[in-house]
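Report on the structure
For reference, the chains in residue letters:
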Amino acid sequence: MRKRIIAGNWKMNKTVSEAAALAEQLARKNHDADLVEVVVCPPFTSLAAVRDALKGTAIGLGAQNMHWEKSGAYTGEISAEMVVSTGCRYVIIGHSERRQYFAESDEMVNRKILAALQTELTPIVCVGELLDERQSDQTEIVINRQVRGAFAHLDDVQASRVVLAYEPVWAIGTGQVATPEQAQEVHAFIRSLIRQMYGDAVADGLRIQYGGSMKASNAAELLRQPDVDGGLIGGASLDADSFWGIVKAE
Ligand code: PEP
């Protein structure tokens, strides 16, 4: 049985006080932590304030990005160890906005994953096709390339620590959610790839989140799919009630 994982990606939203206020609202909510792992990923500037607001709760903290080097002359970047030192246990890697606007390649994504795995961080690794790639039947080719790129040089133990997020780029922030069948088809494909690469134990344990316009009203039917193990939520994670509607989806 894979434990469901629901993560909120706050992206470049909220000042420190706004982020703390949202975290305080979340801290007052309840969920069964044995059934659902809940994570929030605020901007770097708010990590400490959100960590403090969530103290004593079962909600985990994650960063939205990191650099693969340990330290040095990389102005504007932060390392895995720095992410850990803020209280994070998770880090999003290879989000499509990073790939699209900051030219992150599969190789860079892989380096970040390897660096995160040298610490106790759980990498939440995003893959997903563009609209024209889906329309030209390239989805499996793109996902295959991204998944194999992300997992390059990872052994079984490392691979089993990764959470994958399938985020069709055409569904992110557009309100155009993938159908449960579309999501299930790609999730099953991803699991089959991992099975080829690492065998049954890693494949059956791998958690694959869906991301792309997930909200309380569509979460249940997506999460009911056999290979959908959670959600990575953008817009709907910026409001405590709408995020919690997804956490509680049955
Ligand atoms: C995301 O960016 O990871 C995401 C899924 O965004 P949204 O939920 O807003 O589509």
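For the structure itself, look to the data block above.
What you see is a predicted model, and the numbers here were worked out from it, not measured in a lab. (Residues numbered from 1 in each chain as written. Predicted model: local features only at pLDDT ≥ 70, side-chain atom pairs only at ≥ 80, totals over all residues. Heavy atoms only, no water.)

So, the site of the ligand
The following threshold applies: Nearness of a residue to a molecule or strand requires only that one of the residue's heavy atoms be within 4 Å of it. Polar contacts here mean pairs of N or O atoms no more than 3.5 Å apart (in protein, one a potential hydrogen donor and the other a potential acceptor; neighbouring residues in sequence count only if both atoms are side-chain atoms). In this count, Pro and Cys sit with the nonpolar residues alongside Ala, Val, Leu, Ile, Met, Phe, Trp and Tyr, while Asp, Glu, Lys and Arg are called charged and the others, Gly among them, polar.
In the neighbourhood of the ligand, 15 residues make up the surrounding shell, with Lys11, His95, Glu167, Gly173 and Ser213 lying closest. Interatomic distance of 2.5 Å between a side-chain N/O atom of Lys11 and an oxygen atom of the ligand. Here His95 contributes a side-chain N or O atom positioned 2.7 Å from an oxygen atom of the ligand. A per-class count over the shell around the ligand returns four nonpolar, eight polar and three charged.

Here's the deal with the packing of helix H1 (residues 16–27) against helix H12 (residues 240–247)
Worth spelling out the cut-off: The axes are straight lines fitted to the C-alpha atoms, using for helices just the contacting stretch, and the angles between their N-to-C directions are given from 0 to 180°. Secondary structure is summarised from DSSP: a helix means a run of H or I of at least four residues, a strand means a run of E of at least two, and numbering begins at the N terminus for each. Put simply, angles under 35 degrees are roughly parallel, angles over 145 are roughly antiparallel, angles from 65 to 115 are roughly perpendicular, and the rest are oblique. By definition, turning the near helix anticlockwise from the far helix through less than a right angle yields a left-handed crossing, and turning it clockwise yields a right-handed one. Pairs of residues are marked as contacts when any of their non-hydrogen atoms sit within 4.5 Å.
Between H1 and H12, whose axes approach to 10 Å, the crossing angle comes to 40°. Between H1 and H12, the interaxial angle falls into the category oblique. Here H1 and H12 pass one another in a crossing that is right-handed. For the pair formed by H1 and H12, the contact residues are Leu22, Gln25 and Leu26 on the first element and Ala240, Phe243 and Trp244 on the second. In the contact of H1 with H12, the residues fall into five nonpolar, one polar and no charged.

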